[in-house]
Amino acid sequence: MINQITLPKAFYSNKLERLWLLAKIEFKLRYYENNLGLLWALLKPLMDVAIYYIVFKTILKTDLEAFASYLFVGLILWNFFLESTAGTIQILQTKKYLYEYSNMNKLEIYISTLLSNSIGFFFNLVMFILFFNFVEADSYGLSALNLWIIPIFINLFILSLGLSFILSSIYIFAKDITQIWQVFTSGLFFLSPIFYKFSLFTEALPNFEYINPVAGIIINARNVLMYQQLPNMELFIFDFGYAFFVLFLGLIMLNKLGAKAAEKL
Amino acid sequence: MEKEIAIKARNISKTFHISEDSHNTVKHRLFNLFNPPRSREVPALKSLSLEIKKGECIGLLGRNGSGKSTLVKLLAGVYPTDSGYVNIKGSTMLMNLGVGMSHELTARENIYVSGSVLGLKIKEVDALFDKIVSFAELEEFIDTKIKFFSSGMVARLGFSIAVNAGADVMFLDEIFAVGDAKFQEKAVKVFESSWIEGRTVILVSHSMETIRQYCHRAAYMKKGELKYFGDTGTAIDMYLADNQ
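So, how was this worked out
Residues numbered from 1 in each chain as written. Chains lettered and ligands numbered in written order. Predicted model: local features only at pLDDT ≥ 70, side-chain atom pairs only at ≥ 80, totals over all residues. Heavy atoms only, no water. Phe/Tyr/Trp six-rings, centres within 6.5 Å; stacked < 30°, edge-to-face > 60°. Helix = DSSP H or I, 4+ residues; strand = E, 2+ residues; numbered from the N terminus. Lys NZ or Arg CZ within 6 Å of the ring centre and 35° of its normal. Expected span 1.5 Å × (residues − 1). Contact = heavy atoms within 4.5 Å. Pairing = 2+ DSSP bridges. Axes fitted to C-alpha atoms, helices over the stretch in contact; angles between N-to-C directions. UniProt positions renumbered as here; feature names shortened; annotations may be inferred. Salt bridge = Lys/Arg side-chain N within 4 Å of Asp/Glu carboxyl O. Buried < 20%, exposed > 50% of the residue type's maximum accessible area, 1.4 Å probe, protein only. Disulfide = S-S within 2.5 Å.

**Things to note about the packing of aromatic side chains**
Residues and elements named next belong to chain A.
Step number 1: Tallied over the entire structure, the rule returns 35 aromatic pairs over all chains.
Step number 2: On the basis of an interplanar angle of 20° and a centroid distance of 4.5 Å, the ring pair of Phe-56 and Phe-195 is categorised as stacked. With Phe-56 in helix H2 (residues 38-59) and Phe-195 in the loop between helix H8 (177-190) and helix H9 (198-204), this pair connects stretches of sequence that are 139 residues apart.
Step number 3: Through successive ring pairs, a cluster of aromatic residues spans Tyr-52, Phe-56, Trp-78, Phe-81, Phe-189, Phe-190, Phe-195, Tyr-196, Phe-201 and Phe-208.
Step number 4: Over the ring of Tyr-70 we find Arg-222; its NZ or CZ atom is 3.5 Å from the centre of that ring.

**A closer look at H8 of chain A**
Working note: α-helix, 3.6 residues per turn, so residues spaced by three or four point in the same direction.
Step number 1: The end-to-end C-alpha distance of H8 of chain A, which contains 14 residues, comes to 20 Å, matching closely the 20 Å that a straight helix rising 1.5 Å per residue would cover.
Step number 2: Buried residues along H8 of chain A sit in contact with H2, helix H3 (67-85), helix H7 (149-173) and helix H10 (213-225) of chain A.

**Comments concerning the sheet that holds strand S5 (residues 92-95) of chain B**
Residues and elements named next belong to chain B.
Step number 1: A sheet is described by the order of its strands in space; here six strands give the open sequence S5-S6-S7-S3-S8-S9, paired in mixed fashion. Each edge of the open sheet is held by one strand with a lone partner, namely S5 and strand S9 (225-231). Within this sheet the neighbouring strands show an average axis-to-axis angle of 15°, counted without direction.
Step number 2: As paired strands, strand S6 (residues 169-173) and strand S7 (residues 200-204) are joined by five bridges and run parallel to one another.

**Some thoughts on the UniProt feature "transmembrane region" (unreviewed entry) in chain A**
Residue and element names in this part refer to chain A.
Step number 1: UniProt's entry tags residues 36-55, 67-89, 109-135, 147-173, 180-198 and 235-254 with the feature "transmembrane region" (unreviewed entry), counted in the numbering of this structure.
Step number 2: Strand forms 0% of residues 109-135 and helix 100%; the C-alpha atoms that close the span are 38 Å apart.
Step number 3: Counted over residues 180-198, helix gives 63% and strand 0%. Its end C-alpha atoms are 27 Å apart.

**A short note on the pattern of salt bridges**
Step number 1: Across all of its chains, the model carries 17 salt bridges over all chains by this definition.
Step number 2: The shortest N-O distance in the salt bridge between Asp-82 of chain B and Lys-14 of chain B comes to 3.6 Å. Linking Asp-82 of chain B in the loop between helix H2 (68-75) and strand S4 (83-88) with Lys-14 of chain B in strand S1 (residues 5-19), this pair joins segments that are 68 residues apart in sequence.
Step number 3: We classify Asp-82 of chain B as partly exposed; its relative accessible area is 40%.
Step number 4: Each of Glu-26, Arg-30, Glu-83 and Lys-95 of chain A takes part in salt bridges that share partners, so that together they form one network.

**Things to note about the environment of Lys-227 of chain B**
Residue and element names in this part refer to chain B.
Step number 1: Here Lys-227 is to be found in strand S9.
Step number 2: Accessibility expressed as a relative area gives 45% for Lys-227, which makes it partly exposed.
Step number 3: Expressed as a C-alpha distance, the spacing of Lys-227 and Met-238, which sit 11 residues apart in the sequence, is 9.1 Å.
Step number 4: Ignoring sequence-local partners within four residues, the contact set of Lys-227 consists of Tyr-220, Met-221, Lys-222 and Met-238.

**Some details on the state of the cysteines**
Residue and element names in this part refer to chain B.
Step number 1: Scanning the model with the defined rule gives zero disulfides over all chains in all.
Step number 2: The structure places no disulfide on Cys-57, whose sulfur is separated from the nearest cysteine sulfur, that of Cys-215, by 3.5 Å.
Step number 3: Accessibility expressed as a relative area gives 7% for Cys-215, which makes it buried.

**Concerning the sheet that holds S1 of chain B**
All names here are of chain B.
Step number 1: Strands sit in the order S2-S1-S4 across an open sheet of three strands; the sheet is antiparallel. This sheet does not close on itself; its edge strands, each paired only once, are strand S2 (39-53) and S4. Across this sheet, the average inter-strand angle for adjacent strands is 25°, counted without regard to direction.
Step number 2: When S1 meets S2, the two strands line up antiparallel, connected through 11 bridges. Pairing of Ser-19 across the sheet is with Ser-39, part of S2.
Step number 3: Set on the sheet, H2 makes contact with S1, S2 and S4; between it and S1 the angle comes to about 120°.

So, in structure tokens, the structure goes:
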């Protein structure tokens with residue numbers, strides 16, 4: 001399968017080829033290993049949406065319009081965030097074979113894993129667009145504003161990458177960061193406007209979207225994907241700053257602590 | 001004739017801190033804030049400098065625990081040094097028994113990943129692919145995950161990738177213990193062929209024969225110190241004297 005790849009001309013540098021190769025293998029490992037294969041990647045967000053829909057629409061009677069789509073956007077972004085942070089805490093251990101015997105840059109390992117997650121996100125996004133346009137009743141339809149999802153996703157990518165650096169560096173010295181992060185993210189999940197109204201969120205926790213960067217990203221993604229609006233620029237720029245700050249912090253930690261990975265893990 | 005320098009190490013040293021109880025969790029660290037872990041310091045490598053020129057084959061000798069493997073890992077950039085610096089030109093590859101490969105991947109995937117990590121383009125790996133597989137004698141198991149391989153098969157695959165893909169600077173740590181007699185013969189033959197030309201090779205081995213035959217210079221290490229670096233014969237004599 002792998003030797004049949006034909007790459008576009010732009011990919012002539014070995015580094016880009018390698019990132020793409022590693023991302024593809026990672027993606028294949030995750031999805032082709034189980035019986036449902038790629039179908040599983042597509043089914044998972046749909047099943048998540050179905051569960052939350054039953055709980056909040058059928059049982060709790062949420063009055064949000066286009067609630068399934070509302071959930072869909074929140075969940076696919078959240079899942080990417082979770083996979084790229086909680087899912088990569090042990091990356092320096094599982095991918096040890098890549099850096100232990102050569103002078104390969106560790107950054108490439110992280111980027112390729114997140115790229116693999118991005119492939120999954122892309123499939124989910126396509127699913128969402130199909131769902132929103134053909135199934136959802138209260139849909140506004142497609143618009144050029146949808147393209148804003150690209151910078152918003154890049155923002156999430158940078159944020160997750162930075163957090164991944166930080167968490168996996170801590171993991172070298174404190175293994176229970178896995179459990180700590182698990183508790184932290186389950187809190188963050190409920191503090192992000194994924195399945196309730198944004199207005200309820202701001203009423204209860206004013207300005208919290210500036211503390212929780214995932215909240216801002218989800219809010220803006222909904223603006224551009226569902227409501228045909230521009231992103232909230234203030235929040236958009238703030239979240240980019242937030243992400244770059246986390247990335248910067250992560251790079252420092254990876255340089256300081258990550259260098260010891262080969263001997264400590 | 002002045003040759004280009006491939007590896008330059010200045011005053012590098014390495015000490016391992018081995019703690020007796022594992023302070024490996026946040027909880028444990030918090031509860032023992034005022035009771036820091038007792039750690040033992042193991043000086044694996046005392047201050048050491050060396051220069052290796054491009055295209056040289058260097059033998060590394062010493063008894064177990066003399067710091068050979070640590071030195072190799074420091075030079076290859078796998079471990080950070082405590083002091084000093086290492087300068088290396090080109091890509092490096094460190095080889096010992098069955099390494100640099102993921103057991104979750106198939107032989108095919110491992111060949112592509114390793115090849116790519118060593119700096120080859122996908123097309124170049126395509127071209128080398130059959131050669132790597134046939135050298136490793138693994139034609140029937142290309143699409144088998146290597147976790148189902150025997151240790152000999154894994155080692156053969158690793159050796160074959162190293163020989164055929166190769167990096168500019170190769171660190172070979174006890175690789176001749178790989179495979180059966182027939183494969184070993186083949187492995188040693190690689191050194192006789194032109195493969196070694198133009199590459200910088202650092203060979204760790206307990207086989208005096210191999211080192212005497214192929215190494216231009218040799219280093220002899222004892223207890224983390226570089227005792228001698230120069231003529232191969234002298235280094236071997238010192239090593240043999242130490243073994244008495």
